[in-house]
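For reference, the chains in residue letters:
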Amino acid sequence: MRTIRCFIDAPLAAGLEMLLPETVSNHLVRVLRLQTGDTFHLFNGDGSDYLAEIIGIEKKGATARILSDIELHNESPLKIHLYQSIARGDKMDLILQKATELGVAAFTPVVSDRTEVKLDGKKLLILRES
């Protein structure tokens, strides 16, 4: 079964009843065709999901009641260390950005036999110290 999650930029707490923002109401009621009594998850970036139920549908939007909060455990228990050969130009920045998004915990830049980037003395010294 799929989990429907919607972002709301507002404080959330169990027991709270609220009129959902127009964009969220439209998505839930018109696009996903949820009805009164259907449940979904709200989140606001505070580290928890909130189980919510639609309690009313009107022209101005849907009203929801937050039933409970659900603590999230999305972080991987693995501590991944990436050894990355130095890349040219902006590729190294992109590699570090994407690896961070995927959950890499530590990075070590390395110079391999096939590394095309040639570092001068100062940059090589900084690389060796880190």
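Residues numbered from 1 in each chain as written. Predicted model: local features only at pLDDT ≥ 70, side-chain atom pairs only at ≥ 80, totals over all residues. Heavy atoms only, no water.

Here we look at the sheet that holds strand β5 (residues 61-71)
Think of a sheet as strands paired side by side through backbone hydrogen bonds, with each pair either parallel or antiparallel. Taking strand neighbours across the sheet as the criterion, the 5 strands line up as β1-β3-β4-β5-β2 in an open arrangement whose pairing is mixed. Edge strands, defined here as strands with exactly one partner in the open sheet, are β1 (5-7) and β2 (17-19). Across the sheet, the mean angle separating the axes of adjacent strands is 40° when strand polarity is ignored. Bridge count for strand β3 (residues 39-43) against strand β4 (residues 48-58) is 5 bridges, and the pairing is antiparallel. Across the sheet, phenylalanine 43 pairs through a bridge with aspartate 49, a residue of β4. (Pairing = 2+ DSSP bridges. Helix = DSSP H or I, 4+ residues; strand = E, 2+ residues; numbered from the N terminus. Axes fitted to C-alpha atoms, helices over the stretch in contact; angles between N-to-C directions.)

Considerations on the packing of aromatic side chains
Under the criterion given, the structure shown has 1 aromatic pair. The ring of phenylalanine 43 is capped by arginine 5, whose NZ or CZ atom sits 4.1 Å from the centre of that ring. (Phe/Tyr/Trp six-rings, centres within 6.5 Å; stacked < 30°, edge-to-face > 60°. Lys NZ or Arg CZ within 6 Å of the ring centre and 35° of its normal.)

Nothing here speaks to function; it is geometry throughout.
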